[in-house]
Amino acid sequence: MATSLPLSTSQSRIAPFSHLLWVDRISPFTTRATDLRVWADTVALGKQVGTPVVRIATNLQDETERCVPWIRAFGAVTIGAGLVLGRQFRRLVLAPGVATGDPTPLGNHADVDPLWSTSATEVEFSDPYRDRMGRVEALVRHPDVARHLRVCWEEDVVGNCGRCHKCVLTMSTLQSYGATGIAESAFGRRATPELVRA
């Protein structure tokens, strides 16, 4: 899984999670070398926020890709990897790709993924009613962890490419909140009108 920062956006602070879960080789677009560097960055984030990191290895992504496009399957693969831990964790908390009520079909969704819950593990979202703008607003309150932000999944990079749709959207949203410094830290550049139009 890409390095992610689980935020309790409704409380304006980093949520008290017991562990961060990192799924090795989950991205179909990164090399082994990049994955190892992302792992190191995730461990650094865990140390920074005082939360241990659990690493899971899986080949689910390889198997799934033969039948279902990755954009439709990543949620099930991520949740499946977490559920493998069984009773070790009572809750698996994710950041939603699509907010509750949004009809956009995607690989994970706040209206669907909690249905993966088992009698041992509850699957939930950190804030299912927050859209991307709301999550970015919460991130602005935590500039010290912004260097760990990773939204890019289209490039073989440790951080963010700063050119794809998700990168430009997140960069410009950060800047709209006056967080140009966070945008520069996480993306290595500012969103310019030319970049947004490209």
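Please read all numbers here as calculations on a predicted model, not as lab measurements.

Calculation criteria
Residues numbered from 1 in each chain as written. Predicted model: local features only at pLDDT ≥ 70, side-chain atom pairs only at ≥ 80, totals over all residues. Heavy atoms only, no water. Helix = DSSP H or I, 4+ residues; strand = E, 2+ residues; numbered from the N terminus. Rg over C-alpha atoms; globule rule 2.2 N^0.38 Å. pLDDT = per-residue confidence, 0-100. Contact = heavy atoms within 4.5 Å. Salt bridge = Lys/Arg side-chain N within 4 Å of Asp/Glu carboxyl O. Phe/Tyr/Trp six-rings, centres within 6.5 Å; stacked < 30°, edge-to-face > 60°. Buried < 20%, exposed > 50% of the residue type's maximum accessible area, 1.4 Å probe, protein only. Axes fitted to C-alpha atoms, helices over the stretch in contact; angles between N-to-C directions. Parallel < 35°, antiparallel > 145°, perpendicular 65-115°, else oblique. Left-handed = near helix turned anticlockwise from the far one by under 90°. Nonpolar A, V, L, I, M, F, W, Y, C, P; charged D, E, K, R; others polar. Disulfide = S-S within 2.5 Å. Expected span 1.5 Å × (residues − 1).

### With respect to the overall build of the protein
- When helices and strands are counted, the protein shows seven helices and six strands.
- The linear arrangement of helices and strands in the protein, starting from the amino end, is β-β-β-α-β-α-α-β-β-α-α-α-α.
- Against the compact-globule benchmark of 16 Å for 198 residues, the protein has a radius of gyration of 16 Å, which places it among compact chains.
- Taken along the three principal axes of its C-alpha coordinates, the protein extends 50 × 40 × 35 Å.

### A word on the confidence of the model for the protein
- For the protein, per-residue confidence averages 81 on the pLDDT scale, and residues scoring 70 or more make up 90% of the total.
- Here strand S1 (residues 7-8) stands out as the element of the protein with the lowest mean pLDDT, 34, in contrast to helix H5 (residues 165-176), whose mean of 92 is the highest.
- Per-residue pLDDT stays below 50 along residues 1-14; that stretch engages in 45 contacts with residues further than four places along the chain or on separate chains.

### Brief notes about the pattern of salt bridges
- Taken as a whole and assessed by the stated rule, the structure comprises seven salt bridges.
- The partner of Glu124 in a salt bridge is Arg91, with the nearest N and O atoms 3.0 Å apart. Taken together, the positions of Glu124 in strand S6 (residues 122-125) and Arg91 in strand S5 (residues 91-94) put the pair 33 residues apart, joining distant regions of the chain.
- Its salt-bridge partner being Glu137, residue Arg141 comes within 3.7 Å of it at the nearest N-O pair.
- Overlapping salt bridges, with partners in common, bring together Asp24, Arg32 and Arg55 in one network.

### Regarding the packing of aromatic side chains
- Tallied over the entire structure, the rule returns one aromatic pair.
- Their ring planes at 50° and their centres at 5.2 Å tell us that Trp22 and Trp39 sit as a pair that is tilted. Here the residue Trp22 occupies a position in strand S3 (residues 20-24), and Trp39 occupies one in helix H1 (residues 32-49), the gap between them amounting to 17 residues.
- Overall, the relative accessible area of 2% leaves Trp22 in the buried class.

### Side note on the packing of helix H4 (residues 132-140) against H5
- Between H4 and H5, the shortest axis-to-axis distance is 10 Å and the interhelical angle comes to 55°. By the criterion of interaxial angle, the relationship of H4 to H5 is oblique. Handedness of the crossing formed by H4 with H5: right-handed. Of the residues in H5, those in contact with Arg132, Met133, Val136, Leu139 and Val140 of H4 are Lys166, Leu169, Thr170, Thr173, Leu174 and Ser176.
- Per-class residue counts for the contact of H4 with H5 are six nonpolar, three polar and two charged.

### Quick notes on the state of the cysteines
- Under the criterion given, the structure shown has zero disulfides.
- For Cys152, which is in no disulfide, the shortest distance to another cysteine sulfur is to Cys161 and amounts to 3.6 Å.
- On the basis of relative accessible area, Cys152 is assigned to the buried category, the value being 1%.

### Describing helix H3 (residues 70-83)
- Between the first and last C-alpha of H3 there are 19 Å, a value that for 14 residues agrees with the 20 Å anticipated at 1.5 Å per step.
- Among the structural elements, S3, strand S4 (53-57), helix H2 (60-65), S5 and S6 are those in contact with the buried residues of H3.

### Comments concerning the packing of H5 against helix H6 (residues 180-187)
- Running from N to C, H5 and H6 cross one another at 155°; their axes reach a closest spacing of 7 Å. If you check the angle between H5 and H6, you find them roughly antiparallel. Along this stretch, H5 crosses H6, giving a crossing that reads as right-handed. On the side of H5, the interface is formed by Cys167, Thr170, Met171, Leu174 and Gln175, while H6 contributes Thr180, Ile182, Ala183 and Phe187.
- Among the residues making up the contact of H5 with H6, the classes are represented as six nonpolar, three polar and no charged.

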